[in-house]
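If you want the building blocks of each chain, they are given just below.
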Amino acid sequence: MAPAPSFRGHQWIYNPVRGSCLLLLLVLSNLLLCQGNLCPSCGPDVFGVPLKFLRKTFSRASRLSHDMHNLSTIMFNEFDEKYFQVRPEYMNATNDCHTNPLHAPEEIEKAQQMNNEDLTKWILMLQYLWRDVLYDLVHDLWFEKDLSDTLLSSARKNFKKLYKLQTFVERRFSQIVVPLRLKLAYDHVYWQGLPSLLSSDEDMHHSAFYNLFKCLTRDSCKVDMYTKILACRISDKC
(Lines give C-alpha, C1' and ligand atoms only; values in the text may rest on other atoms or scores of the structure.)
Protein backbone atom coordinates (compact mmCIF):
# COMPACT_ATOMS: atom_id res chain seq x y z
CA MET A 1 0.00 0.00 0.00
CA ALA A 2 1.32 3.44 -0.92
CA PRO A 3 2.17 5.73 2.00
CA ALA A 4 -0.39 8.34 2.96
CA PRO A 5 0.16 11.81 1.47
CA SER A 6 2.18 14.15 3.66
CA PHE A 7 3.14 17.78 3.57
CA ARG A 8 6.60 17.16 4.92
CA GLY A 9 8.25 16.92 1.52
CA HIS A 10 6.91 20.25 0.28
CA GLN A 11 8.69 23.57 0.23
CA TRP A 12 6.36 25.52 2.41
CA ILE A 13 7.71 29.04 2.09
CA TYR A 14 10.43 30.92 0.35
CA ASN A 15 14.05 29.91 0.92
CA PRO A 16 15.14 32.82 3.17
CA VAL A 17 12.85 31.63 5.93
CA ARG A 18 12.91 27.89 5.29
CA GLY A 19 14.67 27.25 8.58
CA SER A 20 11.95 29.04 10.54
CA CYS A 21 9.29 27.06 8.76
CA LEU A 22 10.98 23.75 9.54
CA LEU A 23 11.20 24.77 13.17
CA LEU A 24 7.50 25.52 13.10
CA LEU A 25 6.72 22.10 11.68
CA LEU A 26 8.78 20.46 14.41
CA VAL A 27 6.75 22.32 17.01
CA LEU A 28 3.52 21.32 15.29
CA SER A 29 4.60 17.69 15.21
CA ASN A 30 4.53 17.72 19.01
CA LEU A 31 1.10 19.27 19.03
CA LEU A 32 -1.29 16.69 17.83
CA LEU A 33 0.03 13.32 16.96
CA CYS A 34 1.58 9.98 17.53
CA GLN A 35 1.23 8.59 14.03
CA GLY A 36 -2.29 9.89 13.59
CA ASN A 37 -3.54 9.21 17.12
CA LEU A 38 -3.86 11.64 19.97
CA CYS A 39 -0.72 11.43 22.07
CA PRO A 40 -1.76 10.27 25.56
CA SER A 41 1.13 12.09 27.22
CA CYS A 42 0.66 15.41 25.49
CA GLY A 43 -2.06 16.82 27.75
CA PRO A 44 -2.83 20.41 26.77
CA ASP A 45 -1.22 21.15 23.43
CA VAL A 46 1.83 23.35 22.96
CA PHE A 47 -0.36 26.23 21.82
CA GLY A 48 -1.89 26.32 25.28
CA VAL A 49 -5.26 24.93 24.12
CA PRO A 50 -6.78 22.49 26.62
CA LEU A 51 -7.92 19.18 25.24
CA LYS A 52 -11.57 19.88 26.09
CA PHE A 53 -11.50 22.92 23.79
CA LEU A 54 -10.01 20.85 20.99
CA ARG A 55 -12.87 18.40 21.42
CA LYS A 56 -15.36 21.22 21.28
CA THR A 57 -13.67 22.73 18.22
CA PHE A 58 -13.76 19.56 16.15
CA SER A 59 -17.23 18.61 17.35
CA ARG A 60 -18.50 21.93 15.99
CA ALA A 61 -16.29 21.62 12.92
CA SER A 62 -17.72 18.21 12.06
CA ARG A 63 -21.26 19.59 12.24
CA LEU A 64 -20.34 22.50 10.00
CA SER A 65 -18.53 20.29 7.49
CA HIS A 66 -21.52 17.94 7.39
CA ASP A 67 -23.85 20.86 6.64
CA MET A 68 -21.46 22.15 3.96
CA HIS A 69 -21.40 18.81 2.20
CA ASN A 70 -25.20 18.59 2.28
CA LEU A 71 -25.55 22.11 0.88
CA SER A 72 -22.97 21.42 -1.82
CA THR A 73 -24.88 18.30 -2.83
CA ILE A 74 -28.11 20.30 -3.02
CA MET A 75 -26.38 22.86 -5.25
CA PHE A 76 -25.04 20.22 -7.61
CA ASN A 77 -28.35 18.33 -7.81
CA GLU A 78 -30.28 21.53 -8.41
CA PHE A 79 -28.09 22.57 -11.31
CA ASP A 80 -27.90 19.03 -12.65
CA GLU A 81 -31.69 18.76 -12.71
CA LYS A 82 -32.17 22.14 -14.38
CA TYR A 83 -29.59 21.77 -17.15
CA PHE A 84 -27.91 18.39 -17.41
CA GLN A 85 -31.10 16.31 -17.37
CA VAL A 86 -32.67 18.51 -20.06
CA ARG A 87 -29.66 19.37 -22.22
CA PRO A 88 -26.82 16.95 -21.44
CA GLU A 89 -24.90 18.26 -24.44
CA TYR A 90 -24.28 21.43 -22.44
CA MET A 91 -22.12 19.52 -20.03
CA ASN A 92 -18.59 18.80 -21.04
CA ALA A 93 -17.46 17.99 -17.51
CA THR A 94 -13.73 17.40 -17.26
CA ASN A 95 -13.16 16.84 -13.53
CA ASP A 96 -10.65 19.67 -13.88
CA CYS A 97 -10.99 21.05 -10.37
CA HIS A 98 -8.77 23.94 -9.29
CA THR A 99 -7.90 21.96 -6.15
CA ASN A 100 -6.53 18.97 -8.10
CA PRO A 101 -2.86 20.05 -7.75
CA LEU A 102 -3.14 19.48 -4.00
CA HIS A 103 -3.84 15.74 -4.43
CA ALA A 104 -5.90 15.72 -1.25
CA PRO A 105 -6.76 12.09 -0.44
CA GLU A 106 -10.30 11.00 -1.29
CA GLU A 107 -10.31 7.49 0.18
CA ILE A 108 -11.05 7.19 3.88
CA GLU A 109 -8.38 4.49 4.24
CA LYS A 110 -5.68 6.94 3.11
CA ALA A 111 -7.05 9.78 5.22
CA GLN A 112 -7.03 7.58 8.31
CA GLN A 113 -3.30 6.93 7.81
CA MET A 114 -2.57 10.65 8.09
CA ASN A 115 -1.69 12.37 11.33
CA ASN A 116 -3.84 15.06 12.91
CA GLU A 117 -1.53 17.85 11.82
CA ASP A 118 -1.79 17.03 8.12
CA LEU A 119 -5.56 16.50 8.27
CA THR A 120 -5.93 19.97 9.81
CA LYS A 121 -3.84 21.47 7.02
CA TRP A 122 -5.95 19.81 4.34
CA ILE A 123 -9.11 21.20 5.91
CA LEU A 124 -7.77 24.74 5.91
CA MET A 125 -6.28 24.63 2.42
CA LEU A 126 -9.51 23.38 0.87
CA GLN A 127 -11.40 26.11 2.73
CA TYR A 128 -9.03 28.77 1.40
CA LEU A 129 -9.43 27.55 -2.19
CA TRP A 130 -13.24 27.55 -2.09
CA ARG A 131 -13.91 30.71 -0.14
CA ASP A 132 -13.44 33.10 -3.08
CA VAL A 133 -15.48 30.86 -5.37
CA LEU A 134 -18.48 30.86 -3.05
CA TYR A 135 -18.06 34.57 -2.38
CA ASP A 136 -18.32 35.31 -6.11
CA LEU A 137 -21.38 33.09 -6.49
CA VAL A 138 -23.12 34.86 -3.62
CA HIS A 139 -22.19 38.46 -4.46
CA ASP A 140 -21.99 38.67 -8.26
CA LEU A 141 -25.42 39.74 -9.54
CA TRP A 142 -24.55 38.35 -12.98
CA PHE A 143 -25.14 34.82 -11.72
CA GLU A 144 -28.74 35.42 -10.67
CA LYS A 145 -30.00 34.85 -14.20
CA ASP A 146 -28.48 31.35 -14.30
CA LEU A 147 -28.92 30.15 -10.74
CA SER A 148 -32.20 29.32 -9.03
CA ASP A 149 -33.25 30.84 -5.72
CA THR A 150 -32.70 27.46 -4.06
CA LEU A 151 -29.18 27.23 -5.40
CA LEU A 152 -28.29 30.81 -4.46
CA SER A 153 -29.74 30.32 -0.99
CA SER A 154 -27.65 27.17 -0.54
CA ALA A 155 -24.56 29.02 -1.76
CA ARG A 156 -25.11 31.79 0.82
CA LYS A 157 -25.53 29.29 3.65
CA ASN A 158 -22.51 27.34 2.42
CA PHE A 159 -20.33 30.45 2.37
CA LYS A 160 -21.31 31.33 5.95
CA LYS A 161 -20.58 27.83 7.20
CA LEU A 162 -17.26 27.72 5.35
CA TYR A 163 -16.27 31.00 6.99
CA LYS A 164 -17.21 29.67 10.44
CA LEU A 165 -15.32 26.42 9.93
CA GLN A 166 -12.25 28.25 8.69
CA THR A 167 -12.41 30.63 11.68
CA PHE A 168 -12.74 27.78 14.21
CA VAL A 169 -9.72 25.94 12.88
CA GLU A 170 -7.58 29.04 12.39
CA ARG A 171 -8.32 30.21 15.91
CA ARG A 172 -6.97 27.00 17.41
CA PHE A 173 -4.04 26.54 15.03
CA SER A 174 -3.08 30.08 14.02
CA GLN A 175 0.60 29.13 13.64
CA ILE A 176 -0.08 27.13 10.48
CA VAL A 177 -2.12 29.81 8.69
CA VAL A 178 0.72 31.83 7.15
CA PRO A 179 2.74 28.80 5.95
CA LEU A 180 -0.36 27.36 4.28
CA ARG A 181 -1.23 30.60 2.52
CA LEU A 182 2.36 31.04 1.38
CA LYS A 183 2.40 27.48 0.04
CA LEU A 184 -0.72 28.10 -2.07
CA ALA A 185 0.74 31.36 -3.39
CA TYR A 186 4.14 29.77 -4.09
CA ASP A 187 2.56 26.86 -5.96
CA HIS A 188 0.12 29.18 -7.79
CA VAL A 189 -2.90 27.17 -6.67
CA TYR A 190 -6.03 29.28 -6.97
CA TRP A 191 -9.37 29.43 -8.77
CA GLN A 192 -9.27 30.75 -12.32
CA GLY A 193 -12.77 29.79 -13.46
CA LEU A 194 -14.59 33.12 -13.30
CA PRO A 195 -14.11 34.02 -17.01
CA SER A 196 -15.71 30.71 -18.03
CA LEU A 197 -18.68 31.32 -15.73
CA LEU A 198 -19.15 34.77 -17.28
CA SER A 199 -18.68 33.60 -20.87
CA SER A 200 -21.29 34.66 -23.43
CA ASP A 201 -21.03 31.14 -24.85
CA GLU A 202 -23.98 29.39 -23.19
CA ASP A 203 -22.51 25.92 -23.50
CA MET A 204 -19.21 27.05 -22.00
CA HIS A 205 -20.59 28.79 -18.95
CA HIS A 206 -23.18 26.08 -18.21
CA SER A 207 -20.44 23.47 -18.47
CA ALA A 208 -18.24 25.58 -16.18
CA PHE A 209 -21.03 25.81 -13.59
CA TYR A 210 -21.62 22.08 -13.75
CA ASN A 211 -17.95 21.29 -13.25
CA LEU A 212 -17.69 23.83 -10.40
CA PHE A 213 -20.59 22.31 -8.47
CA LYS A 214 -19.30 18.82 -9.09
CA CYS A 215 -15.86 19.78 -7.72
CA LEU A 216 -17.38 21.58 -4.75
CA THR A 217 -19.39 18.48 -3.83
CA ARG A 218 -16.28 16.31 -4.08
CA ASP A 219 -14.10 18.63 -1.98
CA SER A 220 -16.79 19.27 0.65
CA CYS A 221 -16.97 15.50 1.07
CA LYS A 222 -13.21 15.43 1.72
CA VAL A 223 -13.42 18.21 4.33
CA ASP A 224 -16.31 16.43 6.02
CA MET A 225 -14.31 13.19 6.11
CA TYR A 226 -11.19 14.85 7.56
CA THR A 227 -13.09 16.72 10.28
CA LYS A 228 -15.00 13.60 11.31
CA ILE A 229 -11.76 11.62 11.58
CA LEU A 230 -10.26 14.33 13.81
CA ALA A 231 -13.41 14.65 15.93
CA CYS A 232 -13.42 10.88 16.37
CA ARG A 233 -9.76 10.74 17.43
CA ILE A 234 -9.90 13.66 19.83
CA SER A 235 -13.12 12.49 21.46
CA ASP A 236 -11.46 9.07 21.91
CA LYS A 237 -14.74 7.40 20.89
CA CYS A 238 -13.58 5.68 17.71
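Residues numbered from 1 in each chain as written. Predicted model: local features only at pLDDT ≥ 70, side-chain atom pairs only at ≥ 80, totals over all residues. Heavy atoms only, no water.

A. Expanded view of the overall build of the chain. Secondary structure assignment for the chain yields 8 helices and 0 strands. In sequence order, the secondary structure elements of the chain are arranged as α-α-α-α-α-α-α-α. Across the 238 residues of the chain, 47% fall into the buried class. By sequence separation, contacts in the chain at least 24 residues apart represent 84% of the contacts at least 6 residues apart. Carbon and sulfur atoms make up 54% of the accessible area of the chain, which amounts to about 12200 Å² in all. (Helix = DSSP H or I, 4+ residues; strand = E, 2+ residues; numbered from the N terminus. Buried < 20%, exposed > 50% of the residue type's maximum accessible area, 1.4 Å probe, protein only. Contact = heavy atoms within 4.5 Å. Areas by Shrake-Rupley, 256 points an atom, 1.4 Å probe, with all protein chains shown as cover.)

B. Looking closely at the state of the cysteines. One pass over the full model with this rule turns up 1 disulfide. Two residues share a disulfide in this structure: Cys97 and Cys215, whose sulfurs sit 2.0 Å from each other. On the S-S bond that ties Cys97 to Cys215, the torsion sits near -85°, and the link is left-handed. Residue Cys97 is located in the loop between α2 (51-84) and α3 (108-113), and its partner Cys215 is located in helix α8 (residues 202-235); the two are separated by 118 residues in the primary sequence. Both residues of the pair, Cys97 and Cys215, count as buried. (Disulfide = S-S within 2.5 Å.)

C. View of the environment of Tyr135. Positionally, Tyr135 belongs in helix α4 (residues 116-139). The class of Tyr135 is partly exposed, set by a relative accessible area of 41%. Distance from Tyr135 to Asn158, taken between C-alpha atoms, is 9.8 Å for residues 23 residues apart in sequence.

D. Structural view of the side chain of Ser65. One can find Ser65 in helix α2. For Ser65, the side chain forms a polar contact with the main-chain oxygen of Ser62, separated by 3.0 Å. Apart from the residues within four sequence positions on either side, Ser65 is in contact with Leu165, Val223, Asp224, Thr227 and Lys228. (Polar contact = N/O pair within 3.5 Å; in protein donor to acceptor, adjacent residues only side chain to side chain.)

E. Focus on the packing of aromatic side chains. Taken as a whole and judged by the stated rule, the model has 7 aromatic pairs. Aromatic side chains Phe76 and Tyr210 sit 5.3 Å apart centroid to centroid with 50° between the ring planes, which places their arrangement in the tilted category. With Phe76 in helix α2 and Tyr210 in helix α8, this pair connects stretches of sequence that are 134 residues apart. In this structure, Phe76 and Tyr210 share a single accessibility class: buried. Ring geometry for Phe79 and Phe209: centres 5.6 Å apart, planes at 45°, overall tilted. Residue Phe79 is found in helix α2, and its partner Phe209 is found in helix α8; the two are separated by 130 residues along the sequence. With relative accessibility at 0%, the residue Phe209 sits in the buried group. (Phe/Tyr/Trp six-rings, centres within 6.5 Å; stacked < 30°, edge-to-face > 60°.)

F. Focus on the pattern of salt bridges. What the rule picks out here adds up to 7 salt bridges. Across the pair Asp187 and Lys183 runs a salt bridge whose closest N-O atoms are separated by 2.8 Å. Exposure remark for Asp187: the relative accessible area of 34% places this residue in the partly exposed category. Lys228 is the salt-bridge partner of Asp224, the closest N and O atoms lying 2.5 Å from each other. (Salt bridge = Lys/Arg side-chain N within 4 Å of Asp/Glu carboxyl O.)

G. Spotlight on a positive patch on the surface. Side chains of Lys56, Arg60, Arg63, Arg156, Lys160, Lys164 and Arg171 sit close together on the surface and give a patch of like positive charge. Mapped by element, the contributors of at least two residues to the positive patch are α2 and α5 (149-172). When residues of the positive patch are assigned to their parent elements, the largest contribution, 4 residues, is made by α5. Its relative accessible area of 54% is what places Arg171 among the exposed residues. (Patch = residues over 30% accessible without salt bridge, like charges linked within 9 Å, V, L, I, M, F, W, Y side chains within 5 Å. Lys, Arg positive; Asp, Glu negative; His and termini not counted. Charge placed at Lys NZ, Arg CZ, Asp CG, Glu CD.)

H. Summary view of the nonpolar core. Counting 58 residues, the largest nonpolar core has Leu137, Leu147, Phe213 and Tyr226 as the members making the most contacts within it. Only α2, α4, α5, α6 (177-186) and α8 provide two or more residues apiece to this core. Here this core takes 14 residues from α8, the largest share from any one element. Every residue in contact with Tyr226, bar those within four places of it in the chain, is listed here: Ala104, Pro105, Ala111, Leu119, Trp122, Ile123 and Leu126. (Core = buried A, V, L, I, M, F, W, Y, C linked by side-chain atoms within 4.5 Å.)

I. Broad picture of the confidence of the model for the chain. Of all residues in the chain, 72% have pLDDT values of 70 or greater, and the mean over the chain is 77. Here helix α1 (residues 18-32) stands out as the least confident element of the chain, with mean pLDDT 36; α3 is the most confident, with 94. With pLDDT under 50 throughout, residues 8-48 is counted as low confidence; its partners more than four residues away or in other chains account for 63 contacts. (pLDDT = per-residue confidence, 0-100.)

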